[in-house]
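As a plain string of letters, each chain reads:
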Amino acid sequence: MNQNVFDDPRITAVGLLFEAHAGLSARFSAQLEEHGLSSVEFEVLTRLARSPGNQLRMTDLAAQTSLSTSGVTRVVDRMERDGLLTRRACPSDRRSSYAVVTASGLQRLDETMPGHLRIIEEWFTGQLEPEALDALLDGLRRVRDAVHPGATAGSSESAPTVDEAATPA
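Summary of the structure given here. Here the structure is a predicted model, which is why all the values come from computation and not from measurement.

### Section: the packing of helix 1 (residues 9-33) against helix 5 (residues 103-123)
Running from N to C, helix 1 and helix 5 point in directions that differ by 160°, and their axes come no closer than 10 Å. With respect to helix 5, the axis of helix 1 lies roughly antiparallel. The element helix 1 and its partner helix 5 pack so that their crossing is right-handed. Two secondary-structure elements touch here, helix 1 through Leu24, Arg27, Phe28, Gln31 and Leu32 and helix 5 through Thr112, Gly115, His116, Ile119, Ile120 and Trp123. Residues that form the contact of helix 1 with helix 5 fall into these classes: six nonpolar, four polar and one charged.

If you want it as structure tokens, here you go:
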């Protein structure tokens, strides 16, 4: 094997990405554990809280989190039992349902977010000059969109309100 292949900047880029992710994930996991959340549960809560009406169709939530539809169902089941989420039928498609953050789920996020943001600032964004952060965000979005085109599914369409959902179709 050609020894020079290991000096390839593509190998270096992916290696650095994995190393940075592992280091940040370890710090996030410890902080989230203090609030009784797994990293997947935090991601689900955050994705829902950032979506119109604090809700997403289960299929869109699966697309955004890279979980399988059955994986999302299991996580949502657990979080629903814990009072962090609820499910709501989709008024326009009887086969679909929405995962919706509850007041308890939003409160848990409010309690968790300050420490989470401190870690982000200290170990990630604070390590970069503003121009470098802008370039990194642009590059990450391009890569994300290429490898995971459904990552923003459902995040920009307006979700039906509770009143609309109660109205028979």
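### Overview of the pattern of salt bridges
In this structure the tally under the stated criterion is eight salt bridges. The closest approach of N and O atoms between Asp77 and Arg87, which form a salt bridge, is 2.7 Å. Of this pair, Asp77 sits in helix 4 (residues 69-81) while Arg87 sits in strand 2 (residues 85-89); the two residues are 10 residues apart in sequence, bridging distant segments of the chain. Linking Arg95 and Asp93 is a salt bridge whose minimum nitrogen-to-oxygen distance equals 3.1 Å. The exposed category is assigned to Arg95, whose relative accessible area is 76%. Shared partners join several salt bridges into a network, and the residues in it are Asp77, Glu80 and Arg87.

### Things to note about the packing of aromatic side chains
Counted according to the given criterion, the structure contains zero aromatic pairs. We note Arg27 situated over the ring of Trp123; from NZ or CZ to the ring centre the distance is 3.9 Å.

What counts and what doesn't
Residues numbered from 1 in each chain as written. Predicted model: local features only at pLDDT ≥ 70, side-chain atom pairs only at ≥ 80, totals over all residues. Heavy atoms only, no water. Axes fitted to C-alpha atoms, helices over the stretch in contact; angles between N-to-C directions. Helix = DSSP H or I, 4+ residues; strand = E, 2+ residues; numbered from the N terminus. Parallel < 35°, antiparallel > 145°, perpendicular 65-115°, else oblique. Left-handed = near helix turned anticlockwise from the far one by under 90°. Contact = heavy atoms within 4.5 Å. Nonpolar A, V, L, I, M, F, W, Y, C, P; charged D, E, K, R; others polar. Salt bridge = Lys/Arg side-chain N within 4 Å of Asp/Glu carboxyl O. Buried < 20%, exposed > 50% of the residue type's maximum accessible area, 1.4 Å probe, protein only. Phe/Tyr/Trp six-rings, centres within 6.5 Å; stacked < 30°, edge-to-face > 60°. Lys NZ or Arg CZ within 6 Å of the ring centre and 35° of its normal.

As far as function goes, none of this settles anything; it's purely spatial.
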